[in-house]
Amino acid sequence: MYERFGRRISADGFRVRALGDASSDPEAITEAATKLLLDETVPGPRVLVGSDTGASHAVRLAALDTPGLDALILAGLPTGPHPAETAASGWEDELERRTACPTHRGRLTADAAFRRGALAGPSALESPALDGISVPVLGLHGAEDTVSPLGEVRRVFRGLPGAELVSLVGTRHDVLNDVTHRTAAATVVLFLERLRLDSGLAPIAVTEDLV
């Protein structure tokens with residue numbers, strides 16, 4: 001489901017590895033991520049990108065001080081169990097909550113392996129805590145996300161001084177696969193470029209004051 005995003009990041013000179021669905025087999029994902037992060041043949045910086053439950057899983061790995069991890073990118077981070085009033089009432093409603101991108105909607109609908117109804121099902125997720133994380137963090141979140149409202153996400157990110165949170169206008173829950181997917185990918189590339197040059201994330205593109 002994230003092939004489009006992966007190809008775009010790869011085209012800008014970054015090696016991309018897709019690890020799978022963290023909600024279906026978290027132990028396997030942890031093992032695969034740990035192995036890649038420890039692989040010294042993989043050029044740095046080494047960054048975990050997670051969406052929804054994948055973002056929560058990436059937070060847990062970072063909180064454990066997983067060796068080799070240089071930064072986190074958290075897309076559509078859940079802030080806890082999905083409230084009943086935000087649960088999708090059917091497939092069309094679930095699509096509405098996930099994305100406004102017609103291409104991504106078509107892929108979700110055509111993929112027989114995609115688990116429908118996940119937004120309506122119960123969630124055991126607790127509100128993630130970022131305060132124990134020592135690596136740089138970039139958050140990407142849809143301004144129109146009704147599954148994980150932006151206001152709650154702001155509260156979570158305030159717990160980690162230095163973390164960056166970027167909201168995308170007109171974007172819903174799947175921030176990497178919505179109508180603003182090009183802007184989302186560009187934001188990620190800018191973060192990675194800064195990280196590659198300076199772990200302190202010094203700015204590269206600076207808007208000059210012309211006054």
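Predicted, not measured: the structure shown is a model, and the values here were computed from it.

A. Up close: the overall build of the protein chain. From N to C terminus, the protein chain includes seven helices and four strands. Counting from the amino terminus, the protein chain carries its helices and strands in the arrangement α-α-β-α-β-α-α-β-α-β-α. For the protein chain, the C-alpha radius of gyration of 17 Å lies close to 17 Å, the compact-globule estimate for 211 residues. Viewed in the frame of its principal axes, the protein chain has a C-alpha envelope of about 50 × 45 × 35 Å. When burial is assessed residue by residue, the protein chain has 42% of its 211 residues classed as buried. In the protein chain, once contacts between residues fewer than 6 apart in sequence are set aside, the share between residues at least 24 apart is 69%. Within the protein chain, the 29 negative side-chain charges are centred at a point lying 5 Å from the centre of the 21 positive side-chain charges.

B. Inspection of the pairing of strand 3 (residues 137–142) at higher detail. Most of strand 3 sits inside the fold, with six of its six residues counted as buried. Judged by which residues are buried, strand 3 turns out to be covered on both faces: Val137, Gly139 and His141 on one side and Leu138, Leu140 and Gly142 on the other are all buried. Strand direction decides the pairing type here: strand 2 (residues 71–75) and strand 3, joined by four bridges, are parallel. Paired with alanine 75 across the bridge in strand 3 is leucine 140. Relative to strand 4 (residues 164–168), strand 3 runs parallel, the two sharing five bridges.

C. Main features of unusual backbone geometry. The omega angle of the peptide bond from glycine 44 to proline 45 is 0 degrees, so this bond is cis rather than trans. In this fold, proline 45 is placed in the loop between helix 2 (26–38) and strand 1 (47–51). In the Ramachandran plot, aspartate 52 falls in the positive-phi region, its phi being about 55 degrees despite a non-glycine side chain. Locating aspartate 52 in the fold gives a position in the loop between strand 1 and helix 3 (53–63). The phi dihedral of aspartate 65 is positive, around 55 degrees, even though this residue is not glycine. Structurally, the position occupied by aspartate 65 is in the loop between helix 3 and strand 2.

D. Up close: helix 2. Taking 1.5 Å as the rise per residue, helix 2 with 13 residues should run 18 Å; its terminal C-alpha atoms sit 18 Å apart, in good agreement. For helix 2, the secondary structure elements touched by its buried residues are strand 1 and helix 3.

E. Fine view of the nonpolar core. Of all hydrophobic cores here, the largest spans 20 residues; its most connected members are Leu72, Leu74, Leu130 and Ile133. Those elements giving two or more residues to this core turn out to be helix 2, helix 3, strand 2 and helix 6 (150–157). Of all the elements, helix 3 adds the most residues to this core, at five residues. Of all hydrophobic cores here, the second largest spans 19 residues; its members include Leu140, Leu168, Ala184 and Leu192.

F. Up close: the sheet that holds strand 4. Pairing in this open sheet of four strands is parallel, and the strands run 1-2-3-4 from one edge to the other. Only two strands of the sheet have a single partner each, and these edge strands are strand 1 and strand 4. Strand after strand, the sheet turns through a mean of 15 degrees between neighbouring axes, direction not considered. Its contacts with the sheet place helix 7 (residues 181–197) against strand 1, strand 2, strand 3 and strand 4, and it is angled at close to 170 degrees to strand 3.

G. How the structure looks around the side chain of serine 51. Structurally, serine 51 is set in strand 1. Owing to a relative accessible area of 18%, serine 51 belongs among the buried residues under this scheme. In terms of polar contacts, serine 51 uses its side chain to reach the side chain of tyrosine 2, at 3.2 Å. Not counting chain neighbours up to four residues away, the residues in contact with serine 51 comprise Tyr2, Ala75 and Asp174.

H. Fine view of the pattern of salt bridges. Per the stated rule, a full pass over the model turns up nine salt bridges. The partner of arginine 172 in a salt bridge is glutamate 96, with the nearest N and O atoms 3.0 Å apart. With arginine 172 in the loop between strand 4 and helix 7 and glutamate 96 in helix 4 (residues 91–98), this pair connects stretches of sequence that are 76 residues apart. A relative accessible area of 22% means that arginine 172 is categorised as partly exposed. With a shortest N-O distance of 3.0 Å, glutamate 193 and arginine 196 are connected by a salt bridge.

Cut-off values and rules
- Residues numbered from 1 in each chain as written.
- Predicted model: local features only at pLDDT ≥ 70, side-chain atom pairs only at ≥ 80, totals over all residues.
- Heavy atoms only, no water.
- Helix = DSSP H or I, 4+ residues; strand = E, 2+ residues; numbered from the N terminus.
- Rg over C-alpha atoms; globule rule 2.2 N^0.38 Å.
- Buried < 20%, exposed > 50% of the residue type's maximum accessible area, 1.4 Å probe, protein only.
- Contact = heavy atoms within 4.5 Å.
- Lys, Arg positive; Asp, Glu negative; His and termini not counted.
- Charge placed at Lys NZ, Arg CZ, Asp CG, Glu CD.
- Pairing = 2+ DSSP bridges.
- Expected span 1.5 Å × (residues − 1).
- Core = buried A, V, L, I, M, F, W, Y, C linked by side-chain atoms within 4.5 Å.
- Axes fitted to C-alpha atoms, helices over the stretch in contact; angles between N-to-C directions.
- Polar contact = N/O pair within 3.5 Å; in protein donor to acceptor, adjacent residues only side chain to side chain.
- Salt bridge = Lys/Arg side-chain N within 4 Å of Asp/Glu carboxyl O.

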